[in-house]
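Each chain, written out:
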Amino acid sequence: MAWYNDIDTVRKFPLGHRHRDLTGNEYMYCKGVASTVAEDVVIINTVTYAIVRSLDGGTKIGPVGVAMGALDAATDFGWVQIYGKSTADSATVAADVQLYLTSTAGRVDDADNAGDAIIGMVSLAADATNSLSVWLNYPHLN
């Protein structure tokens, strides 16, 4: 198992610390939240570096990433991918399209939800299995 899949119950790095793997993918060290599983799309709080599983509706701004492990408690710490090729939880999605938040926490879709476009995150291939190949370029919500 790679270092970026590790889940720590004691913080090992400063929150917000960034690190790249050998292929150039970039990750941020964050604090977990209940029910987060690997491949969940999450929103990162830029003050506390705690994550929230993505969900449409409401006012959301800030960086977005993909949880690399089951950071499923506030006492868990681990890596969230913010740059490079990744795999994310999804609804049925077409290839090479803009991605949006959905009404299912942690999941993305290609259905246009007003105000919920994830800037810097696109699908790389069509998917209907809830596991989507994506390209991340420091994705965020405005």
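For the structure, see preceding data.
In this text the structure is predicted, and so the values were computed from the model without any measurement.

Caption draft 1: Representation of the overall build of the protein chain within the structure. Scanning the protein chain from N- to C-terminus turns up zero helices and 11 strands. Each helix (α) and strand (β) of the protein chain, taken in turn from the N terminus, gives the series β-β-β-β-β-β-β-β-β-β-β. For 142 residues, the compact-globule estimate of 2.2 N^0.38 gives 14 Å, and the protein chain sits close to it at 14 Å. Principal-axis analysis of the C-alpha atoms places the extent of the protein chain at approximately 40 × 35 × 25 Å. Across the 142 residues that make up the protein chain, the buried fraction comes to 42%. Across the protein chain, the fraction of contacts at a sequence separation of at least 24, relative to all contacts at a separation of at least 6, is 55%. Accessible surface for the protein chain amounts to roughly 6,700 Å². Of this, 55% is attributable to carbon and sulfur atoms. With 9 positive and 16 negative side-chain charges, the protein chain shows a spacing of 8 Å between the two charge centroids.

Caption draft 2: Representation of the pairing of strand β7 (residues 77-89) in the model. For β7, a buried count of 10 out of 13 residues is recorded, marking the element as mostly surrounded by other parts of the structure. As judged from the two bridges shared by strand β6 (residues 62-67) and β7, these two strands associate in the antiparallel manner. In the strand pairing of β7, V66 is matched with Q81. Sheet topology note: the β7/strand β11 (residues 131-141) ladder contains seven bridges and is antiparallel. Looking at β11, one finds that Y83 is bridged to N137.

Caption draft 3: Examining the pattern of salt bridges more closely. Taken as a whole and judged by the stated rule, the model has five salt bridges. Between D40 and R53 there is a salt bridge, and its shortest N-O distance comes to 2.9 Å. Taken together, the positions of D40 in the loop between β3 (26-31) and β4 (41-44) and R53 in strand β5 (residues 51-53) put the pair 13 residues apart, joining distant regions of the chain. Take D40: its relative accessible area is 1%, and that puts it in the buried class. Salt bridges linked by common partners bring R18, R20 and E26 together as one network.

Caption draft 4: Local environment of the environment of V93. Inspection of the secondary structure puts V93 in the loop between β7 and β8 (98-101). Residues V93 and Y4 lie 89 residues apart in sequence; the distance between their C-alpha atoms is 26 Å. Setting aside its immediate chain neighbours within four residues, V93 contacts L99, V108, D109, D110, S123, A125, A126, D127 and L132.

Caption draft 5: Seen up close, the packing of aromatic side chains. Enumeration according to the criterion identifies 10 aromatic pairs in this entry. Between W3 and Y27 the ring centres are 5.3 Å apart and the planes differ by 80 degrees, which places this aromatic pair in the edge-to-face class. One end of the pair, W3, is in the segment before β1 (7-8); the other, Y27, is in strand β3, with 24 residues separating them in the sequence. Within the aromatic cluster, the residues linked to one another by ring pairs are W3, Y4, F13, Y27, Y29, F77 and W79.

What counts and how
Residues numbered from 1 in each chain as written. Predicted model: local features only at pLDDT ≥ 70, side-chain atom pairs only at ≥ 80, totals over all residues. Heavy atoms only, no water. Helix = DSSP H or I, 4+ residues; strand = E, 2+ residues; numbered from the N terminus. Rg over C-alpha atoms; globule rule 2.2 N^0.38 Å. Buried < 20%, exposed > 50% of the residue type's maximum accessible area, 1.4 Å probe, protein only. Contact = heavy atoms within 4.5 Å. Areas by Shrake-Rupley, 256 points an atom, 1.4 Å probe, with all protein chains shown as cover. Lys, Arg positive; Asp, Glu negative; His and termini not counted. Charge placed at Lys NZ, Arg CZ, Asp CG, Glu CD. Pairing = 2+ DSSP bridges. Salt bridge = Lys/Arg side-chain N within 4 Å of Asp/Glu carboxyl O. Phe/Tyr/Trp six-rings, centres within 6.5 Å; stacked < 30°, edge-to-face > 60°.

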